[in-house]
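As a plain string of letters, each chain reads:
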Amino acid sequence: GSEPTRSGPVFLPATNIYETAEGLLLFAEVPGTDPGSISVTLDRAVLRLGARSKMAPPAGYSLIHGEYRHGDYERAFTLPFEVDAERIEATVKDGLLKVMLPKAVPAPARTISVKVA
């Protein structure tokens, strides 16, 4: 697909992905994001992560030196196998997004009856 234009910076979150017999476990760093801004979508075999970073100074403080940058986090991965989309779980804690992607269970073999047209 096409890339959207942005008025601010877009960051690639540092990500680790682990595989087990049951599926994939993904960790992505998304510091300074509002949990409500985080999106995780699966479209066919592509997993997309998105989040918006916007940090405000603590109440009663004024910023005198700042190195944190505001912007969007975006990342996309092509998955190596089919996952069970209904069982995907995503949580965020302390700026770390954790996504569990269970492998899809293959459908059992079945016989298809042939009808005369």
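Preceding this section is the structure that the text describes.
Below, the structure is looked at part by part. Everything numeric in this text was worked out from a predicted model, so none of it was measured.

## Topic: the sheet that holds strand β6 (residues 71-78)
No. 1: Taking strand neighbours across the sheet as the criterion, the four strands line up as β1-β6-β5-β4 in an open arrangement whose pairing is mixed. For this open sheet the edge positions go to β1 (10-11) and β4 (39-43), each flanked by a neighbour on one side alone.
No. 2: For β4 and strand β5 (residues 46-53), the ladder comprises five bridges, and the chain directions are antiparallel. By the bridge assignment, Val-40 is partnered in β5 with Leu-49.

## Describing the packing of aromatic side chains
No. 1: Counted by the stated rule, this structure contains two aromatic pairs.
No. 2: Ring centres 5.5 Å apart and planes at 50° place the aromatic pair Phe-11 and Tyr-73 in the tilted group. Taken together, the residues span a long stretch of sequence, with Phe-11 in strand β1 and Tyr-73 in strand β6 at a distance of 62 residues. No difference in accessibility class separates Phe-11 from Tyr-73, as the two residues are buried.
No. 3: A ring pair is formed by Tyr-18 and Phe-27, whose centres lie 6.1 Å apart and whose planes are at 75°; its orientation type is edge-to-face.
No. 4: Geometry around Phe-81 places Lys-103 over its ring, the cationic atom sitting 4.7 Å from the centre.

Cut-off values and rules
- Residues numbered from 1 in each chain as written.
- Predicted model: local features only at pLDDT ≥ 70, side-chain atom pairs only at ≥ 80, totals over all residues.
- Heavy atoms only, no water.
- Pairing = 2+ DSSP bridges.
- Helix = DSSP H or I, 4+ residues; strand = E, 2+ residues; numbered from the N terminus.
- Phe/Tyr/Trp six-rings, centres within 6.5 Å; stacked < 30°, edge-to-face > 60°.
- Buried < 20%, exposed > 50% of the residue type's maximum accessible area, 1.4 Å probe, protein only.
- Lys NZ or Arg CZ within 6 Å of the ring centre and 35° of its normal.

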